[in-house]
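The chain contents come next:
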Amino acid sequence: MINKQHLHPFALLIKVGFLFRDFLPAVLGFVFLRQYWQIWLILPVVLILWACLDYYCFTYEMTDKELIVNSGVIIKQQRHIPYQQIQNLQRRQWFFLEPFGVETLIVDTGAKEKDQGEVTLLAVSNVVRMLLDFNSSEPTDLAQLPAEPVEEEVKKAAEYKIGFKELALYAMTNPDILGQFLFVLVISNHLGLMDILSNASDTVVDHVNHYGLVPILIVLNVIILGLMVVNLARVLLRLYGFTVIRQDNLLTVKRGLIQKSILHVSINRIQSIHIRQNIFRQIFGLVTVELDLIADATKSDEQKRVTLIPVISQDKVYSVLKEFLDYTPEQAPTIKTGDWYTSWLFVRNALVGVGIVAMAVAIFYHGFWYWIALMPLIILAIIFGWYKGYYTGINRYDDGHLALRTARQLTNDTVLIGWHEIQSMSVDASLLMVWTKRANLIVSVRSGNQVLRLRYRYLPTQEVEDIFKWYREYV
Amino acid sequence: MQHLPKSIKRIWFMMSIIHLIVNLLILGAYLLAQHLWWPWLPDWGIVFWVVLSLVIFVVELALIPYRYAVYQYAVYPTEVEIKKGFFWRRFSAIPIARVQNVDLQQGPLLRFQQLYRITVATGGSNHTIEALSHEQALTLKDQVMTLAREARNDQ
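What counts and what doesn't
Residues numbered from 1 in each chain as written. Chains lettered and ligands numbered in written order. Predicted model: local features only at pLDDT ≥ 70, side-chain atom pairs only at ≥ 80, totals over all residues. Heavy atoms only, no water. Pairing = 2+ DSSP bridges. Helix = DSSP H or I, 4+ residues; strand = E, 2+ residues; numbered from the N terminus. Contact = heavy atoms within 4.5 Å. Axes fitted to C-alpha atoms, helices over the stretch in contact; angles between N-to-C directions. Core = buried A, V, L, I, M, F, W, Y, C linked by side-chain atoms within 4.5 Å. Buried < 20%, exposed > 50% of the residue type's maximum accessible area, 1.4 Å probe, protein only. Disulfide = S-S within 2.5 Å. UniProt positions renumbered as here; feature names shortened; annotations may be inferred. Buried area = accessible area lost by both parts, 1.4 Å probe. Salt bridge = Lys/Arg side-chain N within 4 Å of Asp/Glu carboxyl O. Domains from an automatic or database assignment. Nonpolar A, V, L, I, M, F, W, Y, C, P; charged D, E, K, R; others polar.

Quick rundown of the sheet that holds strand β4 (residues 88–95) of chain B? Include the residues and the values.
The strands that make up a sheet pair up through hydrogen bonds in the backbone, lying either parallel or antiparallel. In space, the seven strands of this open sheet follow the order β20(A)-β19(A)-β18(A)-β4(B)-β3(B)-β2(B)-β1(B), with antiparallel pairing throughout. Where the open sheet ends on each side, the last strands, each with one partner, are β20 (450–460) of chain A together with β1 (2–3) of chain B. In this sheet, strand β19 (residues 438–447) of chain A lies alongside strand β18 (residues 422–430) of chain A in antiparallel orientation, the contact comprising six bridges. In the sheet register, A:Ser426 faces β19(A), and the bridge partner there is A:Ile442. Seen against the sheet, helix α11 (residues 340–362) of chain A touches β19 and β20 of chain A and runs at an angle of roughly 120° to β20(A).

Which residues make up the nonpolar core, and what are the values?
Of all hydrophobic cores here, the largest spans 42 residues; its most connected members are A:Leu251, A:Ile270, A:Ile273 and A:Leu308. Apart from the residues within four sequence positions on either side, A:Leu308 is in contact with A:Phe242, A:Val244, A:Leu251, A:Val253, A:Val289, A:Glu290, A:Leu291 and A:Leu321.

Outline the state of the cysteines, supporting the account with residue identities and numerical values.
All names here are of chain A. The tally for this structure, following the rule as stated, stands at zero disulfides over all chains. Sulfur of cysteine 52: no disulfide; nearest cysteine sulfur belongs to cysteine 57 and is 11 Å away. Among the residues examined, cysteine 52 registers a relative accessible area of 32% and is labelled partly exposed. The buried category is assigned to cysteine 57, whose relative accessible area is 17%.

Give me the lowdown on the UniProt feature "domain: YdbS-like PH" (unreviewed entry) in chain B, citing residues and values where you can.
The feature "domain: YdbS-like PH" (unreviewed entry), as annotated in UniProt, sits at residues 68–143 of chain B in this numbering. Secondary structure content for residues 68–143 of chain B is 24% helix and 50% strand, while the C-alpha to C-alpha distance between its ends is 24 Å.

Report on the pairing of strand β15 (residues 393–398) of chain A, specifying residues and quantitative values.
Residues and elements named next belong to chain A. Across five bridges, the pairing between β15 and strand β16 (residues 401–408) is antiparallel. Paired with aspartate 398 across the bridge in β16 is histidine 401. Between the antiparallel neighbours β15 and β16 lie two residues.

Please provide a residue-by-residue account of the interface of chain A and chain B, values included.
The interface of chain A with chain B comprises 24 residues on the first partner and 18 residues on the second. Both faces considered, chain A and chain B share a buried interface measuring about 1800 Å² in area, 52% of it formed by carbon and sulfur atoms. In this structure, the connection of chain A to chain B is made through three salt bridges. One salt bridge in this structure joins B:Glu81 and A:Arg472, with 3.0 Å as the shortest N-O distance. Among the secondary structure elements, those contributing two or more residues to the side of chain A that touches chain B are β18, α13 (431–435), β19, β20 and α14 (461–473) of chain A. Here the element with the most residues in the side of chain A that touches chain B is β18(A); it accounts for nine residues.

An account of the sheet that holds strand β6 (residues 115–121) of chain B is requested, with residue identities and associated values reported.
All names here are of chain B. One open sheet accounts for three strands, arranged β5-β6-β7; its pairing is antiparallel. In the strand order of this sheet, the two ends are held by β5 (101–105) and β7 (126–133), each with one partner. The sheet shows a mean angle of 25° between the axes of neighbouring strands, taken without regard to direction. Bridge analysis of β6 against β7 gives six bridges, and the strand direction is antiparallel. Note on β7: the bridge partner recorded for threonine 119 is threonine 128. Against the sheet, helix α4 (residues 134–154) makes contact with β5, β6 and β7, and its axis sits at roughly 140° relative to β7, the strand it touches most.

Give a description of the domain arrangement of chain B that names residues and reports values.
When the parts of a complex come together, some accessible area is lost, and that lost area is often used as the size of the interface. Residue and element names in this part refer to chain B. Split by domain assignment, chain B resolves into domain 1 (2–69) and domain 2 (73–154). Here the C-alpha centre of domain 2 lies 30 Å away from the C-alpha centre of domain 1. With 15 residues of domain 1 at the interface, the matching set in domain 2 holds 14 residues. Looking at the side of domain 1 facing domain 2, the largest losses of area belong to Gln2, Pro5 and Ile11, adding up to 35% of the total buried there. Counting across the domain 1 and domain 2 interface gives one salt bridge. A salt bridge links arginine 67 to glutamate 130; the nearest nitrogen and oxygen atoms lie 3.8 Å apart. Residue assignment for the side of domain 1 that touches domain 2 shows that the elements contributing at least two residues are β1, α1 (7–36) and α2 (44–70). With eight residues, the top contributor of residues to the side of domain 1 that touches domain 2 is α1. The class makeup of the residues in the side of domain 1 that touches domain 2 is 10 nonpolar, three polar and two charged.

Account for the UniProt feature "transmembrane region" (unreviewed entry) in chain A, with residues named and values stated.
Residues and elements named next belong to chain A. According to UniProt, the positions carrying the feature "transmembrane region" (unreviewed entry) are residues 12–33, 39–58, 167–191, 211–237, 345–363 and 369–387. Along residues 345–363 one finds 95% helix and 0% strand; the C-alpha atoms at either end are 27 Å apart. The span residues 369–387 carries 100% helix and 0% strand; its end-to-end C-alpha distance comes to 28 Å.

If you want it as structure tokens, here you go:
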């Protein structure tokens, strides 16, 4: 097959890149400390040497029955992966390597132990992937299978591709922007950027100098616009040409501009479907679709959450999903919105949380500004709590599937799940809740190599018991 | 549905006593600290703590029969059901086909009464039955594992 060999030299570049990225926080730390500047000279050299050693010590070979990978500089490791065990192949390819047919290959095995699940070949030629496909039990490239006389249209069962407008909306509605904004403010403060900018704007807005607010507003707006552009660029690079294709029982997700990524998901591995909507996307009527899969134990405690559709109009989502997955509902399942009592209970919980923090702080300081700062917290608690109560509800949408919805931090999440994927179900209630005829529903689902316990709280007892009864009597 | 063995009530009683002792020890440590190192620690907490500990102790004792009455479990051909809790009630259902393992454990208190804690493990979630006699535990384990194996063979 393939004799023992090193990765394509490009892997060296990738390794160096990773090392630099990992050590960047340390470098930044030294920058801020403004000491030990010699680090600037020594560190890159050390990193490059280490990358070379790592590259030299990494070899792979393909025998008749298995893939053997040797790795490790100090602690050597040899992995044997029989072709039969390969469950999934992920491909990533930089656009400038396409003519050479070199790509990054991530081999998923079915192993349950940590560190056993995944092997990454940073840079190998197409040939490797084709050989692995040919030999594995679940061929991912159906073009390799003996061709049956089938028409082109029938072969491609369904395809969904994202347009530019949707990607732009996805970038704009990304709440990361808030965090980044704060980060920029903190950084610019530290580097004295604010002083420089206000000095520059001094000359421009000389006559409104005493309105200190104006230059600051200008700067803030510039920062926000800048962040939006940066986010848009990031999203475009990562999700350009996002396409989902279904063929038989396999979903293929392709995306990327500079670095193309291809992911194959067997429909059998899907445990549940999440249709999520943060508050920004809700305003535009958009949702995100994500899947929970059974793991191949990848990294230690990771959930295996795959984004099936980054953003799609909420009017289209169910009809599009139906093309890919047979068991999703034809249209949005009717889930009752929570009543005022449910909302009140969540608001009450949020206020208790705020109250505890407030009392703790009050021990140290309870002057005028304390009460001023408390107001927005209370308002936020009420809004968050009411939103969560409004969007908590459960329903069954066909004989074997549930639609469960709740919210967290102004993001609502509808979960579609079938009886067979539910590991166990519980109903609980405090004594007070028993009196007020409320109950919680808890559904355990697998995600990655963890279990997700989904809780739907403070729902009317009758609704919860109906679903619980269905679960116990299902045949 | 079956109840836990009666001897669990004795265990709960002992646990309540242990809680009370621990609370009193904490109180003792607090008094000691106040006396020896930090005289500025307030006094008002002490009476409050003593009263609270005694109240909790009495309430826990009074609740034992209720806890016992509410705690039940059942093994059906299709699922395992567990019902527990008085102030916080939980009713769980685990389809037999999802059960992967049934574990038996014994802490020092349980060992004293020859009882075992059962854990029914599924693909991810774990459900416990607080205490069963050795015989009950083995019966349950055999029953559940046999049914689980059959269910998987059928599938």
